[in-house]
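Listed here are the chains, written in short residue letters.
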Amino acid sequence: MSGRVFSVILLPTSECNVACDYCFERKEPHRLSAALLPLLTRRLLDHLENERIEECEIYWQGGEAMIMGPSWFADAGEIMDRAAAKRGRRFIHYLQTNLISYSPAWNDVIRDMFDGSLGTSMDYPNLHRKLFKGGAEAYTELWTRRLHEAKAAGIRVGVIAVLHRGSLEAGPERFYRYFTEELGLTDFQVNTPFPGGPAKEVEGGFQLDSAELASFLVGLFNLWIAEGYASGVSLGPFDALIDHFTAKPARLPCIWKENCSNQFISVDSKGTVAQCDCWVTSYPDYFFGNIFREPDLTQMLKSSRARQDFIQRPKRLVEVEDCLSCRYLSICHGGCPVRTYSALGTMMAKDPYCEVYKAVFACAEARGREILRRGLAAAGNSEPRDGSALHRMVRTSSSRSPNVTPASA
Amino acid sequence: MTRCTSQPVAILPSALAEGPGVEAFVAVVRSRDELYRWLRDPAPGLQWLQVEGMLGDSDIWTEAAHGESGVPLDVVLSDPALEFSDLYRLVDACAVRSIRVTIRVAPGFLKAAKLAAALRLPIRILPGQPTTQELAELNELLELYLHQPMVEAPVEFFHSLLATMFGADSGSLWTILEEDPAEFPHYDPSGRARLPRSGVFDSTGTSFRGFVENHLKSLVEQGAECASCPWQRSCAAYFKWPDPTYSCEGVKRLFCKVKEAADEIGRDLASRADAKTSIPNLTGSDTR
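Residues numbered from 1 in each chain as written. Chains lettered and ligands numbered in written order. Predicted model: local features only at pLDDT ≥ 70, side-chain atom pairs only at ≥ 80, totals over all residues. Heavy atoms only, no water.

Draft legend 1. Geometry of the pattern of salt bridges. Residues and elements named next belong to chain A. Inspection of the entire model under this criterion finds 43 salt bridges over all chains. With a closest N to O distance of 3.2 Å, Glu78 and Arg82 form a salt bridge. Of this pair, Glu78 and Arg82 both sit in helix 2 (residues 70–86), four residues apart, roughly one helical turn. Salt bridges sharing common partners tie together Glu173, Arg177, Glu181 and Glu227. (Salt bridge = Lys/Arg side-chain N within 4 Å of Asp/Glu carboxyl O. Helix = DSSP H or I, 4+ residues; strand = E, 2+ residues; numbered from the N terminus.)

Draft legend 2. Structural detail: the nonpolar core. In terms of nonpolar packing, the biggest core is built from 120 residues, with Trp60, Phe73 and Phe179 of chain A touching the most fellow members. Per-element tally for this core: the top contributor is helix 7 (residues 210–229) of chain A, with nine residues. Residues contacting Phe179 of chain A, with those up to four places away along its chain left out, are Met122, Asp123, Tyr124, Val159, Ala161, Gly184, Leu185 and Phe188 of chain A. With 93 residues, the next largest nonpolar core counts Tyr88, Val101, Ile103 and Val212 of chain B among its residues. (Core = buried A, V, L, I, M, F, W, Y, C linked by side-chain atoms within 4.5 Å. Buried < 20%, exposed > 50% of the residue type's maximum accessible area, 1.4 Å probe, protein only. Contact = heavy atoms within 4.5 Å.)

Draft legend 3. Broad picture of the environment of Trp143 of chain A. All names here are of chain A. Its place among the elements puts Trp143 in helix 4 (residues 135–152). Taking the C-alpha atoms as reference points, Trp143 and Pro12, 131 residues apart in sequence, are found 22 Å from one another. Leaving out residues up to four positions away in the same chain, Trp143 has contacts with Asn98, Leu99, Ile100, Thr120, Ser121, Met122, Val159, Tyr178 and Leu183.

Draft legend 4. A look at the packing of helix 7 of chain A against helix 13 (residues 354–378) of chain A. Residue and element names in this part refer to chain A. Following both chains from N to C, one finds helix 7 and helix 13 inclined at 20 degrees, their axes separated by 8 Å at the closest point. What the angle tells us is that helix 7 and helix 13 run roughly parallel. In the packing of helix 7 onto helix 13, the handedness of the crossing is right-handed. Between helix 7 and helix 13, the residues in contact are Ser210, Leu213, Ala214, Leu217, Val218, Phe221, Asn222, Ile225 and Tyr229 and Val356, Ala359, Val360, Cys363, Ala364, Arg367 and Ile371, respectively. In terms of residue class, the contact of helix 7 with helix 13 is built from 13 nonpolar, two polar and one charged. (Axes fitted to C-alpha atoms, helices over the stretch in contact; angles between N-to-C directions. Parallel < 35°, antiparallel > 145°, perpendicular 65-115°, else oblique. Left-handed = near helix turned anticlockwise from the far one by under 90°. Nonpolar A, V, L, I, M, F, W, Y, C, P; charged D, E, K, R; others polar.)

Draft legend 5. Molecular detail of the sheet that holds strand 5 (residues 156–162) of chain A. Residues and elements named next belong to chain A. With parallel pairing, four strands are arranged side by side in an open sheet as 4-5-6-7. The open sheet has two edge strands with one neighbour each: strand 4 (117–121) and strand 7 (234–236). Going across the sheet, the axis of each strand differs from the next one's by a mean of 20 degrees, ignoring polarity. Judged from the three bridges that link them, strand 6 (residues 187–191) and strand 7 form a sheet pairing that is parallel. Note that in strand 7 the partner of Phe188 across the bridge is Leu235. (Pairing = 2+ DSSP bridges.)

Draft legend 6. Seen up close, the packing of helix 7 of chain A against helix 8 (residues 238–245) of chain A. Residue and element names in this part refer to chain A. Two numbers describe how helix 7 lies on helix 8: the axes approach to 11 Å, and their chain directions differ by 75 degrees. The orientation of helix 7 relative to helix 8 falls into the category roughly perpendicular. Contacts from Leu217, Leu220, Phe221, Trp224, Ile225 and Tyr229 of helix 7 reach helix 8 at Phe238, Asp239, Leu241 and Ile242. Of the residues in the contact of helix 7 with helix 8, the class split is nine nonpolar, no polar and one charged.

Draft legend 7. View of the packing of aromatic side chains. In total, this model carries 40 aromatic pairs over all chains according to the counting rule given. Look at Tyr328 of chain A and Phe361 of chain A: their rings are 5.4 Å apart centre to centre, the planes differ by 50 degrees, and that puts the pair in the tilted class. Of this pair, Tyr328 of chain A sits in the loop between helix 11 (305–320) and helix 12 (337–344) while Phe361 of chain A sits in helix 13, placing them 33 residues apart in sequence. By relative accessible area, which is 8% here, Tyr328 of chain A ends up buried. Overall, Phe361 of chain A belongs to the buried group, its relative accessible area being 1%. Taken together, the aromatic side chains of Tyr145, Phe157, Phe158, Trp174, Phe211, Trp231, Tyr238, Phe239, Trp241 and Phe255 of chain B make up a single cluster linked through ring pairs. One Lys or Arg, Arg37 of chain B, reaches over the ring of Trp38 of chain B and ends 3.7 Å from the middle of that ring. Above the ring of Tyr238 of chain B, the side-chain terminus of Arg197 of chain B is found at 4.2 Å from the ring centroid. (Phe/Tyr/Trp six-rings, centres within 6.5 Å; stacked < 30°, edge-to-face > 60°. Lys NZ or Arg CZ within 6 Å of the ring centre and 35° of its normal.)

Draft legend 8. Fine view of helix 6 (residues 109–118) of chain B. All names here are of chain B. Of all ten residues in helix 6, eight are buried, a share of seventy percent or more. The set of residues buried in helix 6 consists of Phe109, Leu110, Ala112, Ala113, Leu115, Ala116, Ala117 and Ala118. Once helix 6 ends, the next one or two residues include Arg120, with phi positive near 60 degrees.

Draft legend 9. The arrangement of unusual backbone geometry in detail. With an omega of 20 degrees, the peptide bond running from Gly62 of chain A to Gly63 of chain A counts as cis. Summarising the element assignment, Gly63 of chain A is placed in the loop between strand 2 (53–60) and helix 2. Of the consecutive residues Trp241 of chain B and Pro242 of chain B, the connecting peptide bond is found in the cis state with omega at 5 degrees. Here Pro242 of chain B is to be found in the loop between helix 11 (232–235) and helix 12 (249–270). In this structure, Asp115 of chain A is a non-glycine residue whose phi angle is positive, near 55 degrees. In this fold, Asp115 of chain A is placed in the loop between helix 3 (107–113) and strand 4.

Remember, this is a structural readout, not a statement about activity or role.
So this is what it looks like as structure tokens:
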């Protein structure tokens, strides 16, 4: 059995109970039928067997996942986990929700199926997440109440914030204090926006100036290092980058993977398969197929012409872009296909946020080096010079040394 | 790659490796069938597979990513400037087995070395007798290896050479690069041992045993620059083969750079007399 993990972003419905300005999804009143869940599960398990993969992460989201109700999830989890166990496999479930319809009725399923945690989203300031009635202000008020209720019930909550012009105007300090002090969160992450899906006039307003965005992110990074890093605040993706630059195992976000095509797919309520939720909800030209209509997911992924573009993308980028000469190629690989496609109309180019990423990586490298120096100094060792051979050797002789095991061992 | 024996490791074409009696060997595979055969059923004594001419075949890398046997792979790039972007095909297989990339130095090889390093793949550079252009690329790669913290995996021969300068017993470049015919005899399809980078064969199977020593001794006796070379022990006239008249001026600068880096590390480590930690273990990739 391999050590690989396969992930599925599973959308049990495209319906949603809120009306956010920048949502790229096509909202349809369609839900994944409980009757089809065993078939979906079988297809996924067949694929895991074909690929000799033991573990599959299921990221439940929508639309709005909680529309399905807690008992639907309890049944779904039981069906999937029982089928997986019979075949020596394992599903690990994660829930991403807007929390708006959270109630204590969810507590059992969140504890049992999702290991007592969930992910949700909120921006600062919240200008674009809106209820159908009451707008952004009412959304913030209701969401905040739900957040506190969930936390009071012992649920661990992680929050994703999408940056927008208002965030940049507020500045890193107010942004950081909102999440850590006003909401009392110790686990949140920042995402860059992109104009996905059918063109909408409002999305023009989400294009951010790269220099301003980079400046904001670097400021936020430094603030987090100064105040949050040592005290246990997890701020993604900065925490993963610091792990990387301090020679710890790091799980970088999907936008910086060597090639996302072999690591996850997304499946919507109708069985449509595409690269990720952004593609499955927005770009029919890039659908890989339908998991209910095609009997073999492995074969579908192998033969899909649309998927070939994803496989070829990193290769193309090192051939035609300047990625090969970039210091940070090993942690970026040209960035995110959908961010590129939504901005440029092709995925065969590097991520438009390239300069933003470089600024963040440089900041992470510098902060990581400082952390290593402090660690070395505390251990009574001399401080390595910037970029010195010692720094290089300390890294090489750390746990990242390759493990080349003889076949016959 | 790490071998699990003190015996010589025979580098054999796949078909020859099927035969009995080889205690430790590397099977050279050049087709899907050969690769799949060894992945499915690795024979005792198999140290790793040397995969040649198949980097562009996506199907085999899908199969290699299944990884039941865990056989390590040494993927050889013969035309690195052309093949380099195909290294992305190895990503999944790397998650389930050890993979090293061997790059024969040729103009443009640096692109492959850079991408392999970005994918955190251990690298073996086979320098041969590098031209001026190739030396420039070797210098750039050495600079990246020594000073770019983003390069994490070992780059041979730089890595073991640096370790040697800290007292590690990595042997000469012939051993580091697995080209010493006494330790790594390479065989052709008819079963004849062949000297590396040459068409010289040994039908008896014994005359190559002292090849490196004899080669160096002969050059020293002839007054070649090896006689007074400060890197004689580490190099053992590696760069004087097959052409004994090759000028080592450029490669000596590589050795000097490695030595400067070793000195810098030594100074850094010695700069605090009460250092509580010992010198890092630099022998990770080639420890036997």
